[in-house]
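The primary structure of each chain is shown beneath.
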Amino acid sequence: MSAATANGGPVLTAAGTPYDARAARNVLIVLAVMALMVTYVETMVIPAFSSFVTFFNDAPATTVVWIVSAYLLVGTVATPIFGKLGDKYGKKRMLVLVMSLYAVAVSLAGFSPNIGQAFGIDRSNQIYVLIGIRAFQGLGMGMFPLAFAMLPESFPAARVGQAQGVVSAMFATGASLGLVGGGYIAYTSGWQLTYHTVVPVAVVVVVLAYFILKESPYLTPAPIDYPGIASLGFALATAMFGITEGTYWGWTNFASVRLAGIPWGVPEFFVLAAISLVFFLLWEPRAKHPVVSFAALKKRNIWISNVNGVFVGMGMFLVFIGLTILVEYPYKPGFGYDQFQMGLVSLPSALGMLAFAPIWGKFVSAKGPKPVMITGFAVMALGGLGLVLFNSNVYELMLFAIPALVGNVAVLIAMSNVIVLSVGRDELGIQTGMNQTFRNLGSAIGPVLVTSILTGYAFTILTPFGPFQNYHTGGYVAVFVLTAVIGLIGGMLSFALRNFRFLADGSRSGQASSAPEVPAEEAPAPAITTSRP
């Protein structure tokens, strides 16, 4: 049933539709469980890296890293596409589809060795079966823009930030379960069981979404811009592939490998990405129904949020990957911890994210997203600085990883609200998807930066097992310095945001930096859309 205000009028959602408390609760339950599940699956992969190496007959790190990279590569391409499809065909319909694809991939991932064996593939090459399944699983990243775009269509304006805080808290809970629980399962029972444990949850979430979610009230019936989607997707895919392989193939080597007998290297991928991007930039302004609104991308709040999306994605993986390598590396300055112990080291920061996410959400509702984003980057910078100065023992790492990641979740919550507050209803899916794409780009760059920086500080030591490549303390310090610098730059850039916020009646208004209140006609107006019959 729809709620009513004190004067008898209906309570409206941030999208201007009647508020239904039960429907909103259902949306929050489904999205929270979805966030918990996905984050559990993706974070359990991080401490399990050594398990993959051992299981697949000492697979090289350049191959194992593709277990993460394949997921990110496909996800980066899929995210804006599913966001656009959600605007056109309905966010619930696309969310159920993407969840179903993700559930299938998760169900198959744990059985990838069995699938490979059934096709006569030996243990060393079965890792490519897993990588292929993980690439298919990357389609599931389309869940995120759809999910966050559904919240303002379900909750009153004053509660959108809190709802996003709850979902973000589930991301933190999933991270803690993945790092500790997933790491423990991988260490004691094998990495396959970590996937098997999540299959029932994945199936239940799809069923819940299908039966209890309501379809989006706003659709954009314009035809899909297939040339735009294809060129954008190809540009992102080739750029992501080049970024991921640059450290291993060499950034300037034009003949690192041979593909179908043809010499190939990273520069060629960047050339293909540039050509595809040029086509996209020339095509979109002339397309009748462009996949991306350049006018929206040029808005101050949108481009700042997208740039900060790259920063926050980089910052998260700089901390995660940097700490994982430092804590698990067997020789000094590494601490030689196993996967489960690494999970315990990460647990305080995951719990900190869980505790602070709802608080950040309330601050966004009360003060708007701008001050929360600035504060989040400042806290991230302090955490990075703490890791620079204090990294001689595990307890120091545990302590200063907390602000580095707690600040990160603040930025993520504020960023989602900035997008929601700065575009019309009919663009929520695609613009949220584009912002997620920039975050994914940062998430892909982060691990590459870590390995590139550490390689620059590498030295060889002699062990009873032969020569061994180790990393100097200066390499880890450089990674944490970069984390602090990203926090500083992102915070400074955030001062230029307009602090649009939802008012009690669902309308939007706000302030431009330190300027006086923006008149109503300058606030982002709800777009004219086609309602679902």
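Reading guide: rules and limits
Residues numbered from 1 in each chain as written. Predicted model: local features only at pLDDT ≥ 70, side-chain atom pairs only at ≥ 80, totals over all residues. Heavy atoms only, no water. Salt bridge = Lys/Arg side-chain N within 4 Å of Asp/Glu carboxyl O. Helix = DSSP H or I, 4+ residues; strand = E, 2+ residues; numbered from the N terminus. Buried < 20%, exposed > 50% of the residue type's maximum accessible area, 1.4 Å probe, protein only. Axes fitted to C-alpha atoms, helices over the stretch in contact; angles between N-to-C directions. Parallel < 35°, antiparallel > 145°, perpendicular 65-115°, else oblique. Left-handed = near helix turned anticlockwise from the far one by under 90°. Contact = heavy atoms within 4.5 Å. Nonpolar A, V, L, I, M, F, W, Y, C, P; charged D, E, K, R; others polar. Phe/Tyr/Trp six-rings, centres within 6.5 Å; stacked < 30°, edge-to-face > 60°. Core = buried A, V, L, I, M, F, W, Y, C linked by side-chain atoms within 4.5 Å. Expected span 1.5 Å × (residues − 1).

(A) Structural view of the pattern of salt bridges. Overall, the coordinates contain 4 salt bridges when judged by the stated rule. For the salt bridge of R134 with E42, the shortest nitrogen-to-oxygen distance reads 2.8 Å. Taken together, the positions of R134 in helix α7 (residues 126–137) and E42 in helix α1 (residues 21–44) put the pair 92 residues apart, joining distant regions of the chain. Accessibility classification places R134 together with E42 in one group, the buried group. Note that E153 is salt-bridged to K91, the shortest N-O span being 3.1 Å. Here E153, found in the loop between α8 (143–150) and α9 (157–189), pairs with K91, found in helix α5 (residues 91–109); they are 62 residues apart in sequence, far enough to count as distant. The pair formed by E153 and K91 is uniform in burial state, with each residue classed as buried.

(B) The packing of α1 against α8, seen in detail. Running from N to C, α1 and α8 cross one another at 155°; their axes reach a closest spacing of 11 Å. If you check the angle between α1 and α8, you find them roughly antiparallel. Two packed elements cross with a definite hand, and for α1 against α8 that hand is left-handed. Of α8, the residues touching α1 (which contributes L31, M34 and V38) are M143, F144 and A147. Tallied by class, residues from the contact of α1 with α8 come to 6 nonpolar, no polar and no charged.

(C) Highlighting the packing of aromatic side chains. The full count for this structure, using the stated rule, is 14 aromatic pairs. On the numbers, 5.3 Å between centres and 55° between planes, the contact of F52 with W191 is tilted. Taken together, the residues span a long stretch of sequence, with F52 in helix α2 (residues 49–55) and W191 in helix α10 (residues 191–196) at a distance of 139 residues. Here the two residues F52 and W191 agree in accessibility, since each one is buried. Measuring from centroid to centroid gives 6.3 Å for W360 and F363, while their planes differ by 65°, and the two rings are edge-to-face. Of this pair, W360 and F363 both sit in helix α16 (residues 339–367), 3 residues apart, which is roughly one turn of the helix. With a relative accessible area of 43%, F363 lands in the partly exposed category.

(D) Spatial organisation of the nonpolar core. Formed by 82 residues in total, the largest nonpolar core has its most connected members in M34, F52, L95 and M99. Here this core gets 12 residues from one element, more than from any other, and that element is α1. Aside from chain neighbours lying at most four places away, what touches M99 is V30, M34, M143, V205, V206 and A209. Y329, V406, M415 and V450 belong to the second-largest nonpolar core, a separate cluster that totals 54 residues.

(E) Representation of unusual backbone geometry. Of the consecutive residues K332 and P333, the connecting peptide bond is found in the cis state with omega at 10°. As for its position among the elements, P333 is in the loop between α15 (300–328) and α16. If you check the backbone angles, N57 has positive phi at about 55° while not being a glycine. In this fold, N57 is placed in the loop between α2 and α3 (61–64).

(F) Representation of helix α4 (residues 66–89) in the model. Here α4 is 24 residues long and its end C-alpha atoms lie 32 Å apart, about the 34 Å a rise of 1.5 Å per residue gives. Within α4, 21 of the 24 residues are buried, which leaves the element mostly enclosed by the surrounding structure. Of the residues flanking the end of α4, it is G90, one or two places downstream, whose phi is positive at about 115°.

(G) Region of the structure containing the side chain of Q126. Within the element layout of this structure, Q126 appears in helix α7. Apart from the residues lying within four places of it in its own chain, the contact partners of Q126 are F56, P113, G116, Q117 and I121.

(H) Up close: the packing of α16 against helix α18 (residues 394–422). Interhelical geometry of α16 versus α18 gives an angle of 30° and a closest axis separation of 8 Å. Between α16 and α18, the angle is such that the two are roughly parallel. The handedness of the crossing between α16 and α18 comes out as right-handed. Taken together, the residues of α18 that come into contact with α16 (itself represented by L344, V345, P348, S349, G352, M353, F356, A357, W360, G361 and V364) are V394, M398, A401, I402, L405, V406, V409, A410, I413, A414 and N417. Across the contact of α16 with α18, the residue classes break down as 18 nonpolar, 4 polar and no charged.

Remember, this is a structural readout, not a statement about activity or role.
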